[in-house]
Amino acid sequence: MQKPISLLLLTTLLISSFVVSSSANFYQDFDITWGEGRARMLDNGQLLTLSLDKASGSGFQSKNEYLFGKIDMQLKLVPGNSAGTVTAYYLSSQGPTHDEIDFEFLGNLSGDPYILHTNVYSQGKGGREQQFYLWFDPTADFHTYSILWNPQLIIFSVDGTPIREFKNAESAGVPYPKNQPMRLYSSLWNADDWATRGGLVKTDWSQAPFTASYRNFNANACVWGSGASSCSTSTGNSTNGGWLNEELDATSQERLKWVQKNYMIYNYCVDAKRFPQQFPPECGIN
């Protein structure tokens, strides 16, 4: 006679089954949300492309909502004269007090570097911009852009190299994204009123259509559904390499410092013109 499974074991098995590690099939993981045919899934769902022309851009979103996770995606950005275009890749919830974790790639004239723009919104408040150049040509090949989001911190990484760390600063009165599940979104759109040199350089529509490409999506993440998260701290530790409690080790801290010393071009935490009285409280922690 088969022994009954204990309630604790059954709960553990159910929780473990919902810690999603999904990869590389865009049909299964994403919905194209706008663009009237300008967004395409190719190669049996292994490749996704977004295009922009004068009439419209395009975009997609994840089928799942996540509450904490490690998200990876490989992108190849718009080549050539991409001035005026923005390729956005971000996690976001909805509503006026939404949370958001942003990568935005600001196009530029041929030969000039892309600007990687990052931001973190919590409870509807953003304004936490850091911007970087990259140490490679992001249009020549695919590169991996990652968001690690756990209750302690958010880490933005490029090809496994951390470029930004945003720590939970609730102890200083700063709201932290931890209660609102977020979908992953991406879009390619025209922002020539601000994207390149503050809007001085406009989009050259003779170069259209502009195209960005995506592959190798991977999510080790807790899925939100029916009003509850699908995993626990213990699950994150045991099945996902500890990402739910992950922090930067000494080597990663040094790599972060290297990027910020050599490639950071804007940091709101040192913008005295913008904050003449005092810097935001999270700046002392981050």
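Residues numbered from 1 in each chain as written. Predicted model: local features only at pLDDT ≥ 70, side-chain atom pairs only at ≥ 80, totals over all residues. Heavy atoms only, no water.

The name that an unreviewed UniProt entry assigns to the protein chain is Xyloglucan endotransglucosylase/hydrolase, with the source organism given as Sesamum angolense. One UniProt comment on the protein chain, placed under Function (unreviewed entry), says "Catalyzes xyloglucan endohydrolysis (XEH) and/or endotransglycosylation (XET). Cleaves and religates xyloglucan polymers, an essential constituent of the primary cell wall, and thereby participates in cell wall construction of growing tissues." As stated in UniProt under Sequence similarities (unreviewed entry), the record for the protein chain gives "Belongs to the glycosyl hydrolase 16 family. XTH group 1 subfamily." (UniProt positions renumbered as here; feature names shortened; annotations may be inferred.)

Turning our eyes to something else, we now look at the overall build of the protein chain. Helices and strands together make up the secondary structure of the protein chain, namely four helices and 17 strands. When burial is assessed residue by residue, the protein chain has 52% of its 286 residues classed as buried. Sequence-distant contacts in the protein chain: of pairs separated by 6 or more residues, those separated by 24 or more amount to 66%. A total of about 13600 Å² of accessible surface is found on the protein chain, and carbon and sulfur atoms cover 50% of it. (Helix = DSSP H or I, 4+ residues; strand = E, 2+ residues; numbered from the N terminus. Buried < 20%, exposed > 50% of the residue type's maximum accessible area, 1.4 Å probe, protein only. Contact = heavy atoms within 4.5 Å. Areas by Shrake-Rupley, 256 points an atom, 1.4 Å probe, with all protein chains shown as cover.)

In a regular helix each residue adds 1.5 Å, so 13 residues correspond to 18 Å; helix α4 (residues 250–262) covers 19 Å between its end C-alpha atoms and thus fits that length. Within α4, burial applies to S252, L256 and V259. All buried residues of α4 project into a common sector of 65° when viewed along the axis, lining one side. In α4, the exposed positions angled more than 90 degrees off the buried face are occupied by A250, T251, E254 and K261. (Expected span 1.5 Å × (residues − 1). Arc of directions from axis to C-beta.)

Our focus in this paragraph is the pairing of strand β5 (residues 58–62). Most of β5 sits out of view: five of its five residues are buried. Because side chains alternate across β5, one face comprises the buried residues S58, F60 and S62, and the other comprises G59 and Q61, equally buried. Both strand β2 (residues 30–34) and β5 contribute to a ladder of four bridges, which runs antiparallel. Looking across to β5, one finds that D31 is bridged to Q61. As paired strands, β5 and strand β14 (residues 183–190) are joined by four bridges and run antiparallel to one another. Residue pairing across strands places Q61 opposite Y185, the latter belonging to β14. (Pairing = 2+ DSSP bridges.)

We now examine the nonpolar core. Counting residues in hydrophobic clusters, the biggest one holds 60 residues, and the most contacted among them are M73 and W149. Ranked by the residues each element gives to this core, the list is headed by strand β15 (residues 210–225), at eight residues. Of all hydrophobic cores here, the second largest spans five residues; its members include L106, I115, A191 and A195. (Core = buried A, V, L, I, M, F, W, Y, C linked by side-chain atoms within 4.5 Å.)

This paragraph deals with the layout of surface pockets. By volume, the largest pocket amounts to about 230 Å³. Forming the boundary of the largest pocket are 17 residues, of which Q130, E165, L256, Q260 and N286 lie nearest the centre. Sorting the residues of the lining of the largest pocket by element identifies β13 (161–167), α4 and β17 (264–267) as the ones contributing at least two each. (1 Å grid on protein atoms, 1.4 Å probe; cavity = no way out; pocket = protein on both sides within 12 Å on 5 of 7 lines; lining within 4 Å. Points joined across faces, edges and corners; volume = space filled by probe spheres on them.)

Per the stated rule, a full pass over the model turns up 20 aromatic pairs. Ring centres 5.6 Å apart and planes at 15° place the aromatic pair Y89 and F103 in the stacked group. On the criterion of sequence distance, the pair formed by Y89 in strand β7 (residues 85–92) and F103 in strand β8 (residues 100–106) is long-range, its members being 14 residues apart. A single burial state applies to Y89 and to F103, both of which are buried. (Phe/Tyr/Trp six-rings, centres within 6.5 Å; stacked < 30°, edge-to-face > 60°.)

With that settled, the discussion passes to the state of the cysteines. Taken as a whole and assessed by the stated rule, the structure comprises two disulfides. Shown here is the disulfide that connects C222 with C231, its sulfur atoms set 1.6 Å apart. Taking the torsion about the S-S bond as the criterion, the C222 to C231 disulfide, at about 65°, is right-handed. The pair C222 / C231 is uniform in exposure class, with both members buried. Paired through a disulfide, C269 and C283 show a sulfur-sulfur distance of 2.0 Å. Its S-S torsion of about -80° marks the bond between C269 and C283 as left-handed, since a negative value means left-handed. Here the residue C269 occupies a position in the segment after β17, and C283 occupies one in the segment after β17, the gap between them amounting to 14 residues. Of the two residues examined, C269 and C283, each falls in the buried class. (Disulfide = S-S within 2.5 Å.)

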